[in-house]
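Structural characterization, general
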Amino acid sequence: MIETPRLLLRKPVLDDFEPHAAMWAEPEVYRHISGKKRSREEMWQRFLQAHGTWHFFGFGYFSVIEKADGRYLGMTGFQDAMRDIEPSLVGSLEAGWVFASHAHGRGIALEASRAAFDWARSVHPGRRVTAIIAPENAASIRIARRLGLEAGPDVRYHDSIVTLFEGWLGEVDAKGSSEAESAG
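Quantities reported herein were computed from a predicted structural model and do not represent experimental measurements. (Residues numbered from 1 in each chain as written. Predicted model: local features only at pLDDT ≥ 70, side-chain atom pairs only at ≥ 80, totals over all residues. Heavy atoms only, no water.)

What about the overall build of the chain?
Scanning the chain from terminus to terminus reveals 6 helices and 8 strands. Going from the N terminus to the C terminus, the chain shows its helices and strands as β-β-α-α-α-β-β-β-α-β-α-β-β-α. A sequence separation of at least 24 residues applies to 63% of the contacts in the chain between residues at least 6 apart. A total accessible area of about 9,700 Å² is found for the chain, and carbon and sulfur atoms account for 52% of it. (Helix = DSSP H or I, 4+ residues; strand = E, 2+ residues; numbered from the N terminus. Contact = heavy atoms within 4.5 Å. Areas by Shrake-Rupley, 256 points an atom, 1.4 Å probe, with all protein chains shown as cover.)

As structure tokens, then:
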């Protein structure tokens, strides 16, 4: 478990499914990610995928819980989705974050994602990190940049154009700051 001033990050548990499915039913949540509401069945498959990556790769998505009231806020972390995209993301830690609308505009996504990146630096130092973000998703682009990811080319993924972001996980020094943060 990872703790920040306001949040707890932990591997998903079965009780997270209902708030996870409710979050993905919010138009404000899915509009920049898929543009369409997913079925409950699709949400269940994505939820299981989030847990399965931990088993096979030693990384995955964390459920983000608000310390003050125990409320589920969303997820952040990494996956290897074997996406059919060029350039390939396979073998990278593909970063992602998604939060319920009640968590938007509070700095939650950045706080949680920074904690996930710090964890990844300590467990998977030197690994390539990628993310794909819709060009109109300004909030996620700001987060990616603040996490040290640099915008690369716009690429086609399925029926959409996304911007590929990329970076590397430096090692965390004794004070807890990464090489990338020290340089910037």
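What to know about the packing of helix H1 (residues 17-24) against helix H3 (residues 40-57)
Two elements in contact, H1 and H3, have axes separated by 10 Å at closest approach and are oriented at 120°. What the angle tells us is that H1 and H3 run oblique. Where H1 crosses over H3, the two elements pack in a sense that is right-handed. Only Arg40, Met43, Trp44, Arg46 and Phe47 of H3 make contact with H1, whose side of the interface consists of Phe17, Glu18, His20, Ala21 and Trp24. Broken down by class, the residue content of the contact of H1 with H3 amounts to 6 nonpolar, 1 polar and 3 charged. (Axes fitted to C-alpha atoms, helices over the stretch in contact; angles between N-to-C directions. Parallel < 35°, antiparallel > 145°, perpendicular 65-115°, else oblique. Left-handed = near helix turned anticlockwise from the far one by under 90°. Nonpolar A, V, L, I, M, F, W, Y, C, P; charged D, E, K, R; others polar.)

Some remarks on a nonpolar patch on the surface
Nonpolar side chains collect at one region of the surface, where Leu14, Trp44 and Leu48 lie side by side and expose about 290 Å² of accessible area between them. Mapped onto the elements, Leu14 comes out in the loop between strand E2 (7-10) and H1. (Patch = residues over 30% accessible without salt bridge, like charges linked within 9 Å, V, L, I, M, F, W, Y side chains within 5 Å. Salt bridge = Lys/Arg side-chain N within 4 Å of Asp/Glu carboxyl O.)

As for the sheet that holds E2
Read across the open sheet, the 8 strands follow the order E1-E2-E3-E4-E5-E6-E8-E7; overall the sheet is mixed. Of all strands in the sheet, those with a lone pairing partner are strand E1 (2-3) and strand E7 (150-157), marking the two edges. Pairing analysis gives 2 bridges linking E1 to E2, with the strands arranged antiparallel. Its bridge partner being in E2, Glu3 is matched across the sheet by Leu8. Lying on the sheet, H3 is in contact with strand E3 (61-66) and strand E4 (72-79); it crosses E3 at an angle near 120°. (Pairing = 2+ DSSP bridges.)

Points about the environment of Lys37
For Lys37, the location among the structural elements is in the loop between helix H2 (27-30) and H3. Residue class for Lys37 comes out exposed when judged on its relative accessible area of 52%. Residues Lys37 and Pro27 lie 10 residues apart in sequence; the distance between their C-alpha atoms is 7.2 Å. With residues up to four places along the chain from it excluded, the contact list for Lys37 reads Ala25 and Tyr30. (Buried < 20%, exposed > 50% of the residue type's maximum accessible area, 1.4 Å probe, protein only.)

Notes on the environment of Ala100
Its location among the elements puts Ala100 in the loop between strand E5 (93-99) and helix H4 (108-123). Put simply, Ala100 and Glu28 are 72 residues apart on the chain and 8.3 Å apart in space, counted from C-alpha to C-alpha. Excluding residues within four positions of it along the chain, Ala100 makes contact with Met23, Glu26, Val29 and Leu73.

Thoughts on the nonpolar core
Core analysis: the largest hydrophobic core is formed by 33 residues, its most contacted members being Leu9, Phe78, Trp97, Phe99, Phe117, Trp119 and Val129. Only E2, E3, E4, E5, H4, strand E6 (128-133) and helix H5 (138-146) provide two or more residues apiece to this core. It is H4 that provides the largest number of residues to this core, a total of 9 residues. When sequence neighbours within four positions are dropped, the list of residues in contact with Trp97 reads Met75, Thr76, Ser113, Ile133, Ser140, Ile143, Ala144 and Leu147. (Core = buried A, V, L, I, M, F, W, Y, C linked by side-chain atoms within 4.5 Å.)

Things to note about H4
Taking 1.5 Å as the rise per residue, H4 with 16 residues should run 22 Å; its terminal C-alpha atoms sit 23 Å apart, in good agreement. When you tally the buried positions in H4, you get 12 out of 16 residues, the bulk of the element. When we look at burial in H4, the residues that qualify are Ile108, Ala109, Leu110, Glu111, Ala112, Ser113, Ala115, Ala116, Phe117, Trp119, Ala120 and Arg121. (Expected span 1.5 Å × (residues − 1).)

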